[in-house]
Amino acid sequence: MLVVEAKFDGEQLATDPVDHTDQPEFATELAWEIDRKALHQHRLQRTPIKLQCFALDPLSSAKEMIGYIVLDLRTAQETKQAPRWYQLLSNKYTKFKSEIQISTALETDTKAPVDSFKAKGAPPRDGKVPASLSGLDPKDIVAVLNEEGGYHQIGPAEYCTDFFILSVTIAFATQLEQLIPCTMKLPERQPEFFFYYSLLGNDVTNEPFNDLINPNFEPERASVRIRSSIELLRVYLALQSKLQIHLCCGDQSLGSTEIPLTGLLKKGSTEINQRPVTVEGAFTLDPPNRAKQKLAPIPVELAPTVGVSVALQREGIEAQSLIQLKTQNENEPHHSKKRVLTPIKEKIHTGPKSPSVSPVPPYNQSPPTKDDATESEVESLQYDKDTKPNPKAVTSSVPASLAQPVTTSIASETASGQKIAVPATSHHFCFSIDLRSIHDLEVGFPINCILRYSYPFFGSAAPIMTNPPIEVRKNMEVFLPQSYCAFDFATLPHQLQDTFLRIPLLVELWHKDKMSKDLLLGVARIQLSNVLSSEKTRFLGSNGEQCWRQTYSESVPIIAAQGSNNRIIDLSYTVTLEDYGLVKMREVFVSDSSQGLSAVQQKPSSLPPAPCPSEIQTEPRETLEYKAALELEMWKEMQEDIFENQLKQKELAHMQALAEEWKKRDRERESLVKKKVAEYTILEGKLQKTLIDLERREQQLAAAESELQRERKELKSERERNLQELQDSVRRAKEDCVHQVELERLKIKQLEEDKHRLQQQLNDAENKYKILEKEFHQFKDQQSNKPEIRLQSEINLLTLEKVELERKLESATKSKLHYKQQWGRALKELARLKQREQESQMARLKKQQEELEQMRLRYLAAEEKDTVKTERQELLDIRNELNRLRQQEEKQYQDSRETASGKTDGPHGSTLEEGSDDYLTRLIEERDTLMKTGVYNHEDRIISELDRQIREVLAKKNASN
């Protein structure tokens with residue numbers, strides 16, 4: 001049977017068991033009920049949903065894990081998604097690719113909540129909040145990515161005041177082959193292995209490598225920028241106390257280890273304020289199923305380990321050397337990579353990227369790196385001071401012809417030429433310069449230009465020029481014709497570096513004009529040492545030897561030669577340096593014809609006339625044919641020596657490669673043998689333990705067999721005895737049964753007699769009951785006809801009606817009081833509103849008066865310079881305006897009084913239509929009603945107005961009478 005168990009939010013659910021077949025169908029929905037706040041919190045914490053598949057034995061109820069799946073909660077959406085296939089991790093059936101089809105979704109629950117099924121709170125993790133952060137919940141201290149700021153924030157923003165850098169470095173690994181059991185089959189193609197871990201929710205992997213026995217990968221450092229405080233970081237590291245690192249092959253985990261993070265920030269420690277705090281060391285990798293398979297522990301010297309360094313530092317404190325990186329060759333310089341997961345303002349370059357893995361050349365043929373050149377700069381300067389060599393003599397070991405390689409020029413020399421000694425450690429270099437184009441002209445007129453340069457260190461002081469002149473205008477880029485030139489020369493590597501560092505290449509820009517002489521416009525300085533810091537690439541020479549090439553491209557400004565240092569134009573160039581290794585020949589021939597060519601051209605008349613062949617008899621050794629043959633034989637011997645040296649070097653390189661390969665395979669075989677020996681030792685221990693268990697079980701079986709024979713005999717005798725006893729008991733039981741039957745017959749006869757007697761008594765009792773029931777009905781009829789009974793029933797009815805009426809009266813009284821209270825509140829509110837309206841009206845009137853007063857003053861001040869007649873006329877207009885405004889104010893005030901008095905003026909206007917008595921009665925009732933509310937008194941305006949109207953009505957009534 002198969003069953004799938006899912007664990008999430010502290011609650012575990014399981015499917016119904018299904019048959020264990022190739023394609024089982026679960027068809028089960030597992031659901032957890034949580035609110036949106038808890039869901040959001042789980043998403044922030046990246047809480048996983050872990051599904052485990054078990055094989056269930058229905059007889060013994062034993063469970064065996066087949067594999068597991070980890071689901072990301074963030075992939076679940078409220079929209080319905082198609083099911084996906086997920087591959088089982090740590091699959092028991094390694095030959096098959098087991099998968100489970102799963103669909104995840106979020107549903108809004110519209111049903112009434114059920115108390116019996118409710119998602120429990122996530123179990124609290126370890127970590128106590130300090131007293132300074134007592135208002136925070138440990139669940140709220142999570143890492144949140146701030147994409148705009150380029151950092152992860154841990155904790156609320158008001159507590160986050162500092163920036164930190166958390167970095168993880170995977171340096172080395174050993175004995176990784178111990179993690180692969182003999183029964184496991186790797187992919188047929190070359191497998192790729194890599195380390196994986198999660199840093200603040202960011203998945204990090206290093207560069208894959210293929211060899212488990214000798215893992216060769218570059219140390220990588222992954223860093224994240226954190227905004228938080230020391231206390232919050234300490235609580236967060238206590239909650240996330242371990243960093244888990246996996247060794248993976250594809251999507252399968254071969255082993256893992258856990259690095260404790262609680263040691264980074266110890267309680268009360270202030271070390272992080274002075275220097276970075278680290279947790280580093282070699283940690284043992286454990287296979288994922290060691291506990292379930294009950295594997296024996298591996299010896300310490302054969303245990304697979306990984307070197308990890310975890311560092312935490314404040315931003316701005318320089319990081320020191322955190323871990324001594326362990327590499328296969330300690331003489332090689334350490335190159336490391338830095339991986340920044342979030343943007344950081346300052347990036348620390350830890351080193352250039354190392355070239356691809358290739359056979360290491362001999363030490364004397366390796367090209368000088370930038371670090372070696374920097375270290376040997378002082379030594380090279382001292383060497384120059386001590387020896388004082390002539391650089392022209394050293395670099396002039398090749399002819400002045402620049403376009404042909406050295407070997408061609410050497411082969412064409414005669415034996416009568418001069419010989420120049422070449423140092424044993426000199427290298428054959430080829431330096432090429434390609435002046436590609438000029439662009440971005442800054443001067444206001446077009447130029448007809450050529451470029452010119454010379455560098456005597458390359459063996460020739462003759463200037464190199466582009467030809468023909470080209471015209472350049474503003475906003476155009478022009479490619480230079482005949483601008484490529486290559487120089488072959490031999491020199492010492494440190495001397496080449498020193499010269500390139502000290503002497504730049506000066507490229508002159510000349511303006512060619514037919515009407516005037518050439519004009520020097522500007523000079524560009526090309527720093528040739530830049531090519532030494534560029535990346536080196538390996539290539540094969542013409543004879544199969546390994547050579548190095550460095551290429552550098554750049555655009556440099558051409559600065560004006562006269563006046564201010566203004567830029568004229570930009571020059572794009574490419575320089576290439578090729579190192580062909582050590583010079584094969586110790587002497588280089590230089591022909592006399594190439595050296596004395598200029599002298600011959602200058603003084604042709606100084607040469608003596610050639611003698612006639614008939615006058616002078618030459619010896620055979622002095623003839624040109626003999627010299628040519630001798631030179632040819634010497635050239636053949638030299639070429640044979642060169643060829644033999646090349647063959648020896650190739651043989652030596654192949655032997656070294658074979659030796660390295662043999663050592664590598666020998667190490668692989670040795671490690672495999674050690675692994676097999678360790679496995680066989682473990683198996684031997686298991687077999688010995690199994691043999692001891694089998695011997696013990698055999699002894700137990702023999703003892704059990706003898707015990708079984710004895711118990712069988714005892715059971716047989718006991719069976720015979722029990723059978724005899726059973727027969728005797730059956731006979732006795734039969735006799736007892738016959739006796740019991742006789743007794744029962746006698747009892748039945750006696751019971752029948754008792755039955756007849758009791759039946760007679762029952763008949764007599766029924767007759768008596770009928771007579772008594774008849775008498776009772778007669779008595780009841782007599783009692784119901786009496787007047788006392790009827791009166792009692794009427795009293796009961798009246799009592800019920802009374803109770804009902806009392807209840808209605810009480811409810812009516814309560815409703816009356818309620819309405820009366822509501823009426824009083826309404827009157828109070830009305831009075832308050834009227835008072836507020838009067839105050840607002842008075843404020844507006846006062847404001848208008850102030851505005852009129854200001855207007856009057858402005859008019860008076862503005863018209864003082866006018867004539868008296870104009871002033872009088874304006875004063876008259878202003879007075880009329882003020883009178884009109886005062887009338888408006890009085891009218892508004894009268895309207896406000898009428899509004900405040902409410903309905904008091906209504907009855908007053910209708911006195912002509914109604915009788916004076918009714919009007920007087922209504923005024924008195926209104927006054928009494930307002931007084932009863934307690935809001936008004938006799939001094940209020942509305943009460944005074946009502947009293948005045950009442951007096952007027954009384955006076956009119958008395959006058960009419």
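Residues numbered from 1 in each chain as written. Predicted model: local features only at pLDDT ≥ 70, side-chain atom pairs only at ≥ 80, totals over all residues. Heavy atoms only, no water.

Looking now at the overall build of the protein chain. Scanning the protein chain from N- to C-terminus turns up 16 helices and 30 strands. Here the protein chain holds 961 residues, and 30% of them are scored as buried. Of the roughly 66500 Å² of accessible surface on the protein chain, 53% is carried by carbon and sulfur atoms. (Helix = DSSP H or I, 4+ residues; strand = E, 2+ residues; numbered from the N terminus. Buried < 20%, exposed > 50% of the residue type's maximum accessible area, 1.4 Å probe, protein only. Areas by Shrake-Rupley, 256 points an atom, 1.4 Å probe, with all protein chains shown as cover.)

Taken together, the side chains of Tyr-626, Leu-630 and Met-634 make up a nonpolar region of the molecular surface, amounting to roughly 260 Å² of accessible area. With respect to the secondary-structure elements, Met-634 resides in helix α11 (residues 624–784). (Patch = residues over 30% accessible without salt bridge, like charges linked within 9 Å, V, L, I, M, F, W, Y side chains within 5 Å. Salt bridge = Lys/Arg side-chain N within 4 Å of Asp/Glu carboxyl O.)

The next subject is unusual backbone geometry. The omega torsion of the bond from Asn-467 to Pro-468 falls at 0°, within 30 degrees of zero and hence cis. Mapped onto the fold, Pro-468 is located in the loop between β21 (460–465) and β22 (470–472). In this structure, Ser-90 is a non-glycine residue whose phi angle is positive, near 50°. Looking at where Ser-90 falls in the secondary structure, it is placed in the loop between β5 (84–87) and β6 (99–102). On the accessibility criterion, Ser-90 (28% relative accessible area) is partly exposed.

Paired through their backbone hydrogen bonds, the strands of a sheet run either parallel or antiparallel. Strands sit in the order β11-β10-β13-β14 across an open sheet of four strands; the sheet is antiparallel. Bordering the open sheet on either side are β11 (202–205) and β14 (252–260), each of which pairs with just one other strand. Neighbouring strand axes in the sheet, compared pairwise and without regard to direction, differ in orientation by 25° on average. Bridge count between strand β10 (residues 193–199) and strand β13 (residues 242–249): five bridges; the pairing is antiparallel. Across the sheet, the residue bridging to Tyr-197 is Ile-245, located in β13. (Pairing = 2+ DSSP bridges. Axes fitted to C-alpha atoms, helices over the stretch in contact; angles between N-to-C directions.)

Turning our eyes to something else, we now look at the packing of helix α15 (residues 916–932) against helix α16 (residues 941–960). At a minimum axis separation of 10 Å, α15 and α16 run at an interaxial angle of 155°. Viewed along their axes, α15 and α16 adopt a mutual orientation that is roughly antiparallel. As α15 packs across α16, the resulting crossing turns out to be left-handed. Residue-level contacts link Ser-916, Asp-917, Tyr-919, Leu-920, Leu-923, Ile-924, Glu-926, Arg-927, Leu-930 and Met-931 of α15 to Ile-942, Ile-943, Leu-946, Asp-947, Gln-949, Ile-950, Val-953, Leu-954 and Lys-957 of α16. In terms of residue class, the contact of α15 with α16 is made up of twelve nonpolar, two polar and five charged. (Parallel < 35°, antiparallel > 145°, perpendicular 65-115°, else oblique. Left-handed = near helix turned anticlockwise from the far one by under 90°. Contact = heavy atoms within 4.5 Å. Nonpolar A, V, L, I, M, F, W, Y, C, P; charged D, E, K, R; others polar.)

With twelve of its 13 residues buried, strand β19 (residues 427–439) lies for the most part within the structure. Bridge count between β19 and strand β24 (residues 484–491): eight bridges; the pairing is antiparallel. Paired with Phe-431 across the bridge in β24 is Phe-487. Looking at chain direction, β19 and strand β29 (residues 567–582) are connected through eleven bridges and run antiparallel. Paired with Cys-430 across the bridge in β29 is Glu-578.

In this section: the pattern of salt bridges. Inspection of every chain in the model, using the stated rule, returns 33 salt bridges. The shortest N-O distance in the salt bridge between Glu-315 and Arg-225 comes to 2.6 Å. Pair noted here: Glu-315 is in the loop between β16 (305–314) and β17 (337–340) and Arg-225 is in strand β12 (residues 220–228), with a separation of 90 residues, a long-range link. Given a relative accessible area of 35%, Glu-315 falls into the partly exposed group. Linking Glu-853 and Arg-856 is a salt bridge whose minimum nitrogen-to-oxygen distance equals 2.2 Å. Of the two residues, Glu-853 and Arg-856 are both situated in helix α12 (residues 787–862); the distance of three residues between them amounts to about one turn of the helix. A residue is classified by how much of its surface remains accessible, and Glu-853, at 36% relative accessible area, is partly exposed.

Turning to the sheet that holds strand β3 (residues 48–56), a few remarks are in order. Judged by pairing direction, the sheet is antiparallel, and its four strands sit side by side in the order β2-β1-β3-β4 without closing on themselves. Each end of this open sheet is capped by a strand with a single partner; those strands are β2 (11–14) and β4 (63–72). Sheet twist, expressed as the mean angle between neighbouring strand axes with direction ignored, is 20°. Sheet topology places strand β1 (residues 2–8) next to β2; four bridges connect them, and they run antiparallel. Within β2, the residue paired with Glu-5 across the bridge is Ala-14.

On to the confidence of the model for the protein chain. Of the residues in the protein chain, 77% have a pLDDT of 70 or more, and the chain-wide mean is 76. Segment residues 903–913 is flagged for pLDDT under 50; beyond a separation of four residues in sequence, or across chains, it makes 13 contacts in the model. (pLDDT = per-residue confidence, 0-100.)

Another point: a negative patch on the surface. Taken together, the side chains of Glu-633, Glu-637, Glu-640, Asp-641 and Glu-644 present a region of like negative charge at the surface. The topology assignment puts Glu-640 in helix α11. (Lys, Arg positive; Asp, Glu negative; His and termini not counted. Charge placed at Lys NZ, Arg CZ, Asp CG, Glu CD.)

This next bit is on helix α1 (residues 36–45). The complete set of buried residues in α1 reads Leu-39, Gln-41 and His-42. When α1 is viewed along its axis, its buried side chains cluster within an angular range of 160° and face the same direction. Exposed side of α1, more than 90 degrees from the buried face: Arg-36 and Lys-37 are the residues found there. Packing partners of the buried residues in α1 comprise β1. In the segment just after α1, Arg-46 is the residue with positive phi, at about 55°. (Arc of directions from axis to C-beta.)

This part covers the packing of aromatic side chains. With the rule as written, the count across this model stands at 18 aromatic pairs. With 6.4 Å between their ring centres and 85° between their planes, Tyr-455 and Phe-457 make a pair best called edge-to-face. The same class applies to Tyr-455 as to Phe-457, namely buried. Ring geometry for Phe-457 versus Phe-489: centroids 5.9 Å apart, planes at 70°, classification edge-to-face. Taken as a pair, Phe-457 in the loop between β20 (447–455) and β21 and Phe-489 in strand β24 lie far apart in primary sequence, 32 residues in all. You can call Phe-489 buried: its relative accessible area is 0%. Put simply, the rings of Phe-429, Phe-431, Tyr-455, Phe-457, Phe-458, Phe-487, Phe-489 and Phe-500 touch in pairs and so form one group of aromatic residues. (Phe/Tyr/Trp six-rings, centres within 6.5 Å; stacked < 30°, edge-to-face > 60°.)

Pairing analysis gives five bridges linking strand β27 (residues 536–540) to strand β28 (residues 546–560), with the strands arranged antiparallel. Bridge pairing in β28 links Thr-537 to Arg-549. Hairpin remark: β27 followed by β28, antiparallel, with five residues in the connecting loop; positive phi at Gly-544, about 85°.

With that settled, consider the side chain of Asn-206. Inspection of the secondary structure puts Asn-206 in the loop between β11 and β12. Residue Asn-206 is classed as buried on the basis of its relative accessible area of 6%. For Asn-206, the side chain forms a polar contact with the main-chain nitrogen of Phe-195, separated by 2.8 Å. Apart from the residues lying within four places of it in its own chain, the contact partners of Asn-206 are Phe-194, Phe-195, Phe-217 and Glu-220. (Polar contact = N/O pair within 3.5 Å; in protein donor to acceptor, adjacent residues only side chain to side chain.)

Attention now moves to the nonpolar core. Among the nonpolar cores identified, the biggest contains 49 residues, and Phe-195, Tyr-197, Leu-247, Ile-259, Leu-264, Val-310 and Leu-312 are the most heavily contacted of them. Among the elements that line this core, the one with the most residues is helix α2 (residues 230–239), at seven residues. If near-sequence neighbours (up to four positions away) are discounted, Val-310 is found in contact with Leu-166, Ser-167, Val-168, Leu-243, Ile-259, Leu-261, Leu-264, Val-277, Thr-278 and Val-279. Formed by 41 residues, the second largest nonpolar core is a distinct cluster that contains Ile-438, Ile-447, Val-472 and Val-478. (Core = buried A, V, L, I, M, F, W, Y, C linked by side-chain atoms within 4.5 Å.)

All right, on to α16 then. Three or four residues apart is the spacing at which side chains of an α-helix point the same way, because the helix has 3.6 residues per turn. Between its first and last C-alpha, α16 extends 28 Å over 20 residues, near the 28 Å set by a 1.5 Å rise per residue. Buried within α16 we find Ile-942, Ile-943, Glu-945, Leu-946, Asp-947, Gln-949, Ile-950 and Val-953. (Expected span 1.5 Å × (residues − 1).)

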